[in-house]
Amino acid sequence: MMGFPANRLFCLVLLFLFVPAAVCGAPVTRALSTAEPGNGEIFTASLSIDGIALGGVVETLPAGYVFVATDHPDDRVLVRGQQVAFLVTNDTQITYSVMAPASGSGDITGTWEDFLGESDGQIAASHVAVDGIETAAESGGENPAAPEAAPQFAVVAAAAALLIAGWGGRR
Amino acid sequence: MNRWYLLALLLLLAVPASAAESIPGDADADGTLTRAEYASAALAYLDTACMGGTGDLDRDDIRDAAWVYARWDGKPREVTDSTGRTVTLYRPLRRVVTFSGESLETLRSLGFDMDRVVAVDKYSHEKEAFFPECRDKANVGSIWSPDMEKVLSVRPDTVILYATISTAACDDIQKRLEASSPGIRVLRFDCFKPATYAGEIRTIASIIDETERGEEFASFYGSTMDQIQDGTAGIPDDEKTRVYFEYWFDYTTVAASAGYNEKTELAGGKNPFAVGTTEYPAVDPEAIIVADPQVVVKLAGQGLAAGGYAGHDPEALAAIRSALLERPGWSRISAVEDGRVHVIHSDILGGAQHFIGTAYLAKWFYPDRFSDLDPHAVHQRYLTEFQGIDFDLASRGTFVYP
């Protein structure tokens, strides 16, 4: 009878642990036009929103980074210091622009809330560094950074688990 | 004295949760939450919650505002309960206390978030098999012995009472709530009467904004009741099945004013003892034999504890039936001679599930007319599809015998 190698079982456990986390992600994700802007460069952050009929998103920029503008209607945006609130009304995409400082790095963090769905959570952090140069931690936000690497790690871990499981099974 | 201090404290605590006289975010207080007002309120909330602002709206406020804006078109909702009283709702139901198991069951049929039910009556609290989610909820007693301190301690925004039964007790609870906490909304429904249940389903569905689900459930309920009504339509009075319906207690029947008689008649039965004003009159044993019922139905339940949702015990119901068959002189009764003596549990005849029990009665009274009616299947679909509970009738509960 064919046995079931322990390492294969372990990998399958890894799959069950991480794949759901990757697939059932947060309803809001962020993409940056660049994670390494130049000195004073204006770059864009695009928020993709899925399934929030009425809710809100609050973004927090690292110290020195300045909110410039957004394509979102004015009456649905509020800026206070390093934080920007966007009101969500069945929106699927919100784009805003940010001006980088002369130097500095940090995380853009965010939170979302679905008022009708009565749920809330954090948006995975996006790391930015002027010219790719890391500086001492100086995040301007008050919110803890969300585990940015989680979805990517989950995908990598799942792929690795699949490979190892397949390799283990052929032995 | 300490008790009065406690009650005073509870009243103070109850006020914030029950302040439901306006739509949150309705800045000009004109009774309509406009798009601009909602947007302003939502941004103010985000500012307060995440950005160090100092607004007044909390999370429940903005969620309620979003509900009213999205689902009620920004306006309060007016509903008329089963006492004919119109109640204006400025917010959705968020913290509900039910003194009526039937209303609680109907809320669950309609997909209401049961986490929003914060306290229930003692009988629902005890029904662990049917209301497993209520085991850990507060118990506010019964309408005859309400624990008002407990009611106020759970800070309800809505309390549900009966509409047309035990009216004195329910009126008293309502008056006490209105006097102490006027912001608490009192809604009154029966949810057990065939004549009004379909309408109540739709009204409650409208309150909780589950109108589609309400139509679906009302249609399911109505299809069974319509099938019974259609199947018994046109039967001449002198050809109707003679039925002796016995209440929990021996030689106690149901008269015209009793709900069980209404269901017997809906199923096409003719009750020879449906006279007098007493709801559950005692009957002369000899009179039963003289009446010669074609069908005998015996009720099990609270006063004759056996079966129901609490236990899978067909033997207990069989024993009840055997005892009937052995009664002096009963061997001469047509129902006994023809094997048409049945036991039914009040769980499926007395409350919101009366349509299931009535379907069994119809099938027993007119097996040929209702050959395609399957009360067991109706019951299972109700539990699975509408109640959403994992309850397999093949292995749990006993409701009829045979």
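Conventions we followed
- Per-chain numbering applies: the sequence of each chain, read as written, is numbered from 1 onward.
- Whichever chain is written first becomes A and whichever ligand is written first becomes 1, with later ones labelled in order.
- Given that the model is predicted, a residue must reach a pLDDT of at least 70 before its local features are reported, and side-chain atom pairs must reach 80 or more before they are shown or counted; all residues, however, enter totals for whole chains, interfaces and linings.
- By definition, any uninterrupted DSSP run of H or I lasting at least four residues is a helix, any uninterrupted run of E lasting at least two residues is a strand, and each is numbered from the N terminus.
- Any residue with 12 or fewer other C-beta atoms within 10 Å of its own C-beta is exposed, any with 20 or more is buried, and the rest are partly exposed; the C-beta atoms used are placed from the backbone.
- Two residues qualify as a contact pair if the distance between their C-beta atoms, derived from the backbone, is within 7 Å.
- Each residue carries a pLDDT value, the predictor's own confidence for that position, ranging from 0 to 100.
- All amino acids are sorted into three groups, where Ala, Val, Leu, Ile, Met, Phe, Trp, Tyr, Cys and Pro are nonpolar, Asp, Glu, Lys and Arg are charged, and the leftover types, Gly among them, are polar.
- Each axis is a line fitted through C-alpha atoms, taken for helices only over the stretch in contact, and angles between the N-to-C directions span 0 to 180 degrees.
- Put simply, angles under 35 degrees are roughly parallel, angles over 145 are roughly antiparallel, angles from 65 to 115 are roughly perpendicular, and the rest are oblique.
- Left-handed is the label given to a crossing in which the near helix is rotated counterclockwise from the far helix by less than a right angle, and right-handed is the label when the rotation is clockwise.
- Pairing between strands is defined by DSSP: at least two bridges between them are needed.

Describe the overall build of chain B, with residues and values.
The secondary structure content of chain B amounts to 15 helices and twelve strands. The C-alpha extent of chain B, read off along each of the three principal axes, is 85 × 50 × 40 Å. Per-residue burial for chain B yields a buried fraction of 43% across its 402 residues. Intrachain contacts of chain B at a sequence separation of at least 6 include 63% that bridge at least 24 residues.

Kindly report on the overall build of chain A, identifying the contributing residues and their values.
Along its length, chain A carries two helices and nine strands. Here chain A holds 171 residues, and the buried ones make up 34% of them. In chain A, of all internal contacts separated by at least 6 residues, the share reaching a separation of at least 24 is 76%.

Describe in detail the confidence of the model for chain B, supporting the description with residues and values.
Taken as a whole, chain B shows an average pLDDT of 93; of its residues, 95% reach a score of 70 or greater. Taken together, the stretch residues 9-19 of chain B has pLDDT below 50 and engages in 20 contacts with residues farther than four places along the chain or on a different chain.

So what about the interface of chain B and chain A? Which residues, and what values?
Each side of the interface is counted separately: chain B has 14 residues, and chain A has 15 residues. Those elements giving two or more residues to the side of chain B that touches chain A turn out to be helix H2 (35-50) and helix H3 (59-71) of chain B. Across the side of chain B that touches chain A, the residue classes tally to eleven nonpolar, one polar and two charged.

For the packing of helix H10 (residues 259-266) of chain B against helix H14 (residues 354-365) of chain B, give the residues involved together with the corresponding values.
For any two helices packed against each other, the geometry is given by the interaxial angle and the distance between the axes. All names here are of chain B. The geometry of H10 relative to H14 is characterised by a closest axis approach of 9 Å and an angle of 50 degrees between their N-to-C directions. Taken together, H10 and H14 sit at an angle that is classed as oblique. Along this stretch, H10 crosses H14, giving a crossing that reads as right-handed. Across from Lys263, Thr264 and Leu266 in H10, the residues of H14 making contact are His354, Gly357, Thr358 and Leu361. Its residues assigned to classes, the contact of H10 with H14 comprises two nonpolar, four polar and one charged.

Lay out the environment of Gly74(B) in plain terms, naming residues and giving numbers.
All names here are of chain B. Within the secondary structure, Gly74 sits in the loop between H3 and strand S1 (77-80). Along the primary structure Gly74 and Tyr90 are separated by 16 residues, whereas in three dimensions their C-alpha atoms are 9.5 Å apart. Excluding its chain neighbours within four sequence positions, the residues that come into contact with Gly74 are Thr32, Leu33, Thr34, Val68 and Tyr69.

Explain the sheet that holds strand S11 (residues 341-345) of chain B to me, using residue names and the numbers behind them.
Residue and element names in this part refer to chain B. As summarised here, the arrangement of the five strands in space is S9-S8-S10-S11-S12, forming an open sheet in which the pairing is mixed. Looking at strand neighbours, the two that pair on one side only are strand S9 (269-270) and strand S12 (400-401), the edges of this open sheet. Bridge analysis of strand S10 (residues 295-300) against S11 gives five bridges, and the strand direction is parallel. Paired with Lys298 across the bridge in S11 is Val343. In the packing of helix H12 (residues 314-325) onto the sheet, the strands contacted are S10, S11 and S12, and the crossing angle to S11 comes to about 140 degrees.

Please provide a residue-by-residue account of the environment of Ser46(A), values included.
Residues and elements named next belong to chain A. Position of Ser46 relative to the elements: it lies in strand S2 (residues 42-49). Sequence separation of Ser46 and Ser97 is 51 residues, and the distance between their C-alpha atoms is 8.7 Å. Among residues more than four places away in sequence, those in contact with Ser46 are Arg30, Ala31, Gln93 and Thr95.

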